[in-house]
Amino acid sequence: MERSFAGRRALVTGAGKGIGRDTAKALFASGAQVVAVSRTQEDLVSLAQECPGIETLCVDLGDWEATERSLSTIGPVDLLVNNAGVALLQPFLEVTKEACDRSFDVNYRSVIQVSQIVSRGLIARGSPGAIVNVSSQASQCALKDHAIYCSTKSAMDMLTKVMALELGPHKIRVNTVNPTVVMTAMGKANWNDSKKSEAMLSRIPLGKFAASRYHPIPLAEVEDVVNSILFLLSDRSAMTTGSALLVDGGYLVG
Ligand code: NAP
């Protein structure tokens, strides 16, 4: 897919590892100026070494005040990827206040906060923009031990629609990508158990998880989820807003 993001400035949250890191690298390779936001400084240092010129910002997005301070001087941003997330799995009867608060603060509340900051800037400049929220197939189906996680992603899907409704008149598009399992650090932590992952795979018509750089795929191939994120950020999806793009190999068809 031909894409150029030259002249656009993109902010990616959770860019230290996994999907966010690959997205930041793909945007950088496509000519965008990239601001990589994440929680662990060493990840950002190594990312900046891989992509000289990338800007980095280390902040815990679950901390409203710290995020407000860090992003107050962020400057103009045209493209935003709200990717940072945690998956704290607990059986429903054992769900704790701490896991619930942390999950909603990071997966949901930070999306509101960062999107407000970026959108206010776009509106003030009269510039068009695109926001992609990284949701999950788990927003649309119940998964065992995923009570909080599924709920944060369902809330994100609906937030995305309301944002699309209210930001559309300002020429800001807002969409989600909803991947199946990706074997990132998060994916490995939750799906390494072969019995569990085989049960999931058996329900995916395409018979595989979404590709990530952690799989032995040719280097030139951009991973499945990043491809969809870049499509939704690009003008190729200029008439698409408020949608959820499934990257689930067909998991949700049945
Ligand atoms: P990952 O490998 O765990 O990477 C997540 C990144 O987000 C890390 O760099 C992490 O930094 C950062 N992050 C987490 N909490 C943060 C916070 N409070 N402030 C700033 N940065 C924070 O996860 P991933 O698999 O790439 O997941 C990325 C997104 O895709 C998430 O929203 C996830 O829900 C979604 N998703 C993942 C899968 C999957 O199977 N992997 C499937 C569907 C959807 P630290 O490591 O320093 O905390």
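Above this note sits the structure.
Residues numbered from 1 in each chain as written. Predicted model: local features only at pLDDT ≥ 70, side-chain atom pairs only at ≥ 80, totals over all residues. Heavy atoms only, no water.

J.: Account for the pattern of salt bridges, with residues named and values stated.
T.: For the structure on display, the rule yields nine salt bridges. A salt bridge links Asp101 to Lys97; the nearest nitrogen and oxygen atoms lie 2.8 Å apart. Taken together, the positions of Asp101 and Lys97, both in helix H4 (residues 97–125) and four residues apart, correspond to about one turn of that helix. Residue classification places Asp101 among the partly exposed positions, given a relative accessible area of 34%. Taking the relative accessible area as the measure of exposure, Lys97 reaches 59% and is therefore exposed. (Salt bridge = Lys/Arg side-chain N within 4 Å of Asp/Glu carboxyl O. Helix = DSSP H or I, 4+ residues; strand = E, 2+ residues; numbered from the N terminus. Buried < 20%, exposed > 50% of the residue type's maximum accessible area, 1.4 Å probe, protein only.)

J.: Requested: an account of helix H5 (residues 147–167), with residues and values cited.
T.: If you check H5, its first and last C-alpha atoms are 30 Å apart, about what 21 residues at 1.5 Å a residue would give, namely 30 Å. Where H5 is concerned, the buried positions are Ile148, Tyr149, Cys150, Thr152, Lys153, Met156, Asp157, Leu159, Thr160, Met163, Ala164 and Leu167. Turning to H5, the residues buried within the fold contact strand E4 (79–82), H4, strand E5 (129–134), strand E6 (172–179) and helix H6 (185–191). (Expected span 1.5 Å × (residues − 1). Contact = heavy atoms within 4.5 Å.)

J.: How would you explain the packing of aromatic side chains if you had to name every residue and give the values?
T.: Applying the stated criterion across every chain yields a total of one aromatic pair. Taking the centre distance of 6.2 Å and the plane angle of 75 degrees together, the rings of Phe104 and Tyr108 count as edge-to-face. Residue Phe104 and its partner Tyr108 are both found in helix H4; the two are separated by four residues, about one turn of the helix. The exposure class assigned to Tyr108 is partly exposed, which follows from its relative accessible area of 24%. (Phe/Tyr/Trp six-rings, centres within 6.5 Å; stacked < 30°, edge-to-face > 60°.)

J.: Any chance you could break down the site of the ligand for me, citing the residues and the numbers?
T.: The ligand sits among 31 residues. The nearest are Lys17, Thr40, Asn83, Tyr149 and Thr184. Here an oxygen atom of the ligand and a side-chain polar atom of Thr184 are 2.4 Å apart. Considering the ligand on its own, with 880 Å² of exposed area, one finds that the protein chains cover 94% of that surface. Sorting the residues of the shell around the ligand by element identifies helix H1 (18–29), H4, H5 and H6 as the ones contributing at least two each. With three residues, H6 is the largest single contributor of residues to the shell around the ligand. (Near = heavy atom within 4 Å. Polar contact = N/O pair within 3.5 Å; in protein donor to acceptor, adjacent residues only side chain to side chain. Areas by Shrake-Rupley, 256 points an atom, 1.4 Å probe, with all protein chains shown as cover.)

J.: Outline the environment of Thr13, listing residues and values.
T.: Looking at the secondary structure, you find Thr13 in strand E1 (residues 9–13). Residue class for Thr13 comes out buried when judged on its relative accessible area of 3%. Sequence separation of Thr13 and Glu42 is 29 residues, and the distance between their C-alpha atoms is 15 Å. Excluding residues that lie within four positions of it along the chain, Thr13 makes contacts with Gly20, Val37, Leu61, Val81, Asn82, Asn83, Ala84 and Val114. Among the polar contacts made by the side chain of Thr13, one reaches the main-chain amide nitrogen of Ala84 at a distance of 2.9 Å.

J.: Help me get a handle on the side chain of Ser30, residues and values and all.
T.: Assignment of secondary structure puts Ser30 in the loop between H1 and strand E2 (33–38). When its relative accessible area of 14% is taken as the criterion, Ser30 is described as buried. For Ser30, the side chain forms a polar contact with the main-chain oxygen of Ala26, separated by 2.8 Å.

J.: For the pairing of E6, give the residues involved together with the corresponding values.
T.: Across the eight residues of E6, eight count as buried, placing the element largely inside the fold. Residues Ile172, Val174, Thr176 and Asn178 point to one face of E6 and Arg173, Asn175, Val177 and Pro179 to the other, with burial holding for every one of them. As paired strands, E5 and E6 are joined by six bridges and run parallel to one another. By the bridge assignment, Ala130 is partnered in E6 with Arg173. On the question of chirality, the crossover connecting E5 to the parallel E6 by way of H5 is right-handed. (Pairing = 2+ DSSP bridges. Right-handed = clockwise from strand over helix to strand, strands pointing away.)

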